[in-house]
Amino acid sequence: MTLTFNLLAAACLAYVAFLFLVAFAGERQAARGSGLLRGPVIYTLSLSIYCTAWTFYGAVGYAARSGLEFMTIYLGPTLVFIGWWWFLRKLVRIGRAERITSIADILSSRYGKSNLIAVLVTLLAVVGTTPYIALQLQSVTLSFGVFAAPGSDASDPAGLALWVACGLAVFTILFGTRNLDANERHDGIVAAIAVEAVVKLIALMSIGVFVVWGLNGGLARTGEVIAASPLADWTAVPGRWAGLIFVSGAAVICLPRMFQVLVVENADERHLATASWAFPSYLLAMCIFVVPIAATGLALMPGHANPDLFVLTLPLADGRGGLALLAFLGGFSSATSMVIVASVALATMLSNHVVMPLWLATRGRVTGAGDMRRVVLRARRASILGVLVMGYLYFLATGGTSSLASIGLISFVGMAQVLPALGFGLFWTGATRLGAATGILTGFAIWGWTMLVPVLAGPELLALGPAGVGWLRPEAMFGLTGDPLLSAVILSLGFNTLVFCTVSLLTRPTPMERLQAPRFVQVFDRAAAPRGHRRGTAGAAELLVMAQRILGARAAQAMFAAEARAQGRPSDLPEATPDMLERLEKRLAGSVGAATAHAMVTGITGDAVVSVEDLLAVADETAQIMDYSARLEAQSAELTRTAGELREANDKLTALGIQRDAFLSQVSHELRTPMTSIRAFAEILRADGDLPAKERARYIGIIQEESERLTRLLDDLLSLSVLESGQVVLHPADVMLGQVIDRAVVASGDTGLRLLRDPAAEAVALRTDPDRLAQVFINLITNAAKYCDAAEPELRIAVTPSRRGIAVDFIDNGSGIAAGDRTLIFEKFARLTDQAAAGSAGLGLAICREVVARLGGSIDYLPGPHGARFRVRLPRRVAEARAAE
Amino acid sequence: MNRQTSSQPPGGRVLLIEDEQNIATAIAFILQREGWRVSTHGDGTTALAAVERHRPDVVVLDVMLPGKSGFDVLGGIRAGARPDLPVLMLTAKGQTKDRERAEALGASRFMTKPFSNRELVDAVRVLAGSAAPPDPV
């Protein structure tokens, strides 16, 4: 396969189109709220933008030039992720808690929201990143050049780099500034970066496998090649190694693009736990084949070949076009992912800290939210273009001559200048804004002079120093003639830290810094962070008005008067000192909660630094109060219900007691009445031996009659007691209703009633206890016989099918039961007429009601125009259900 | 439902207010055998009128009466023209609170059914004793 430039360009375009798709899918996924793309794996893969084209191409070149020293670039981040996990966690926690948008933002926020710091860091980042972006353009251009035929368009590096820069600008603007995300996250870009991370890893591993097993024929031969190469002769210089490890470790935290993916794009603090081992593993995989490739390239390729391009030239020389294309795409991935994230991060910083403040200063007040958003997005887009243009210009200025690794290191050391301010700022509340600004400026200046100038300036300056001042020579400041890189690192960071600490100790933090510092230093202990109050300009009078609303007029006035006395002021209004405000806030907190109190006090003192967390805390407190009151309400409702239940139970018991007394009283009366007659006549019969036979017979008759009545009464009582206790045993059988009525009529004997029946309607099949049902019917028939007061008493038995069973009505032609008595008739001993007529204790209907209930039915008195009408409702087949009880 | 008994001994008159027919028969027989003139009345509502009409020396009064209870009748007697009329109350309920209520209303004697015939006759005699003791037969 021969690779033409056109084919390569087409492959690039296709690859970029594929990335577009991935980014779109990522944004769609995020818009749907899926957390799939924000898992720890994607997070770790996105961190791999640490491995840029420098790593992809440059590491091999670095190894070819400096042996194992390239390892330091990997060791630094590895040590940070494994050993400084706690530091990263604090960084991420602060980033999320304070809604940090960039490395400039976190430093600005820490040092009292200082715009000076923000601009300084942004400037540093732009200057430090520009060479790095140029490096990516250079590497892509170089890799294109490898494939290009001499004399073609592609052989012009400057033109090619311009096209690459434009393409990257378009992609970045499309996905980096599509919308103004509140939390500055870019799901589409992160998804695309994760894919690119996989592509570059696979590409580099494939080349490694090809070199070791394809070109060299195995591990053993490869070992021989390495041993024979100049790499084996390199020895590690301890000082330089330590310096490089430190710088690369600092870079992984401080580089704007790394801060972007590490902190800003972090979706969950716990993802760090995965990244702490997965990211070093990724780095290990990326560097494992670097030495074999470098050694083999040095052995096989001609002496003038660029070692930075061995990953491309080795497969090409072997005629493996496809593999070379894969390697090319790997390098392309490395370059594009870095440029995209770096330009997004820089654009955020530029627009937030430089463009927007300028725009606001010139245009005055914000006119509207929509307007503002458009301005921010435009600023972002312009910034992205600006960053890429600068990278392109740097590329033109340096002529693409420097080796990739040295450009990368310049960037690293540049951004490492923010490390003292960042590191101390996170752990030392005494660090001040001025300290940070002077430290960064000092480091920035020394870095620029010792590392940036040598690349850009002419040889005279390097050799003689500015205006001939020898000790200021960029590569040998203060006479440090050792390793220029190590000197630059030590000088810039050393002076940076020294100045930072000295100035911090000499200056006092502003009130705003005092407020912000604990939020960072004590981020894991937010509750303990003092809220702090400035000596507010607001009058104590306003505070008093507010306090009166919360505490009540008298309590508030008393408190303010006491404060005024303590301050020795003649009036009743104290000065709103921080101490006084603190006490007021505590007092108010007792009523409205701490966060609300703080918000109210600061709202009046103009000291309002009410963050999202404060507002959330207010909401939390409100929710807690609501929850508490809801629980109180529930408890009180519970109490009311319990009390109600107790009262009900008591009423029931009382009623039961009254009922029992009344029942016993009734039973006593019903038993004693026949016994009285029996005893009286028994005594008469015994005392009067000479009673006439007729009288004697009559009295004996009375005794017998009363004895039978007594027996009947006891039978009724027993049967009622059995029924009520539910111990009755039913014997269900399949019967015809007519047969049961027949039995009842026969058993009732000669009642004197004329019975009116409808045999057709009575032909209803029932499953019930026929004996019990007959007992009910007998009772109703004999009742009618006893109480029906018509001259020619009649009883009509009517059967009608009802919804769930049948209804049997017993209707007589008497005068019926008075309305007031109808509810009483089913009660025990509810005898409505006089004793003689009834001849029973009045338990009949009570028994009927119990029996019918056991049979699954009911019995009611129905008022009607003619006579008494009792209705017995019966289910057709429910007798079993009740019998089973 | 008033009814005059057949024999009229020279002794005192007893009005028996009792709705249970068999009990009334027994009591009337016992007292008549002792020489009392016994009238029986079986309804509560008209009992006071019967007292007015018969002018008895002693009243034997059942508590459970149709229409009006024995307590009401007793109250009527005590509030009316014969506040000193001896009244013997009979009850089948036999509860303490009934006895207390009867005494509070001014019952001269309170007896629980069933009673011994002898006891009833003695009680009636004691109650009538001050006014006109009946001649023994």
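Residues numbered from 1 in each chain as written. Chains lettered and ligands numbered in written order. Predicted model: local features only at pLDDT ≥ 70, side-chain atom pairs only at ≥ 80, totals over all residues.

For chain B, the name recorded in an unreviewed UniProt entry is Putative transcriptional regulatory protein TcrX, with Jannaschia rubra as its organism.

The name given to chain A in an unreviewed UniProt entry is histidine kinase, with Jannaschia rubra as the source organism. Recorded under Catalytic activity (unreviewed entry), the UniProt text for chain A is reproduced unchanged: "ATP + protein L-histidine = ADP + protein N-phospho-L-histidine." Taken verbatim from the UniProt record of chain A, the Sequence similarities (unreviewed entry) comment is "Belongs to the sodium:solute symporter (SSF) (TC 2.A.21) family." (UniProt positions renumbered as here; feature names shortened; annotations may be inferred.)

Chemist: Is there a simple way to explain the UniProt feature "modified residue: 4-aspartylphosphate" (unreviewed entry) in chain B in this structure?
Modeler: Residues and elements named next belong to chain B. Using the residue numbers shown here, the UniProt feature "modified residue: 4-aspartylphosphate" (unreviewed entry) corresponds to D62. As for its position among the elements, D62 is in strand β4 (residues 58–62). D62 has contacts with I17, E18, D19, G70 and L90, leaving out every residue within four places of it along the chain. (Helix = DSSP H or I, 4+ residues; strand = E, 2+ residues; numbered from the N terminus. Contact = placed C-beta atoms within 7 Å.)

Chemist: Before we go on, may I ask you to explain the sheet that holds strand β6 (residues 858–861) of chain A in this structure?
Modeler: Strand pairs in the sheet, formed through backbone hydrogen bonds, run parallel or antiparallel to each other. Residues and elements named next belong to chain A. Strands sit in the order β2-β4-β5-β7-β6 across an open sheet of 5 strands; the sheet is mixed. Edge positions in the sheet fall to β2 (754–757) and β6, since each has one partner strand and no second. Each strand axis lies, on average, 15° off the axis of its neighbour in the sheet, ignoring direction. In this sheet, strand β5 (residues 805–812) lies alongside strand β4 (residues 794–801) in antiparallel orientation, the contact comprising 7 bridges. Within the sheet, the bridge partner assigned to R796 lies in β5 and is I811. Across the sheet, helix α34 (residues 844–854) touches β6 and β7 (869–875), and the angle it forms with β6 is around 140°. (Pairing = 2+ DSSP bridges. Axes fitted to C-alpha atoms, helices over the stretch in contact; angles between N-to-C directions.)

Chemist: So what exactly am I meant to see when it comes to the packing of helix α11 (residues 238–254) of chain A against helix α22 (residues 484–506) of chain A here?
Modeler: What describes two packed helices is the angle between their axes and the distance between those same axes. Residues and elements named next belong to chain A. Across the interface, α11 lies against α22 with an axial gap of 10 Å and an inter-helix angle of 55°. The orientation of α11 with respect to α22, classified from their angle, is oblique. α22 is crossed by α11, and the crossing has left-handed handedness. Counted together, G239, R240, G243 and V247 of α11 and L485, L486 and V489 of α22 form the full contact between these two elements. (Parallel < 35°, antiparallel > 145°, perpendicular 65-115°, else oblique. Left-handed = near helix turned anticlockwise from the far one by under 90°.)

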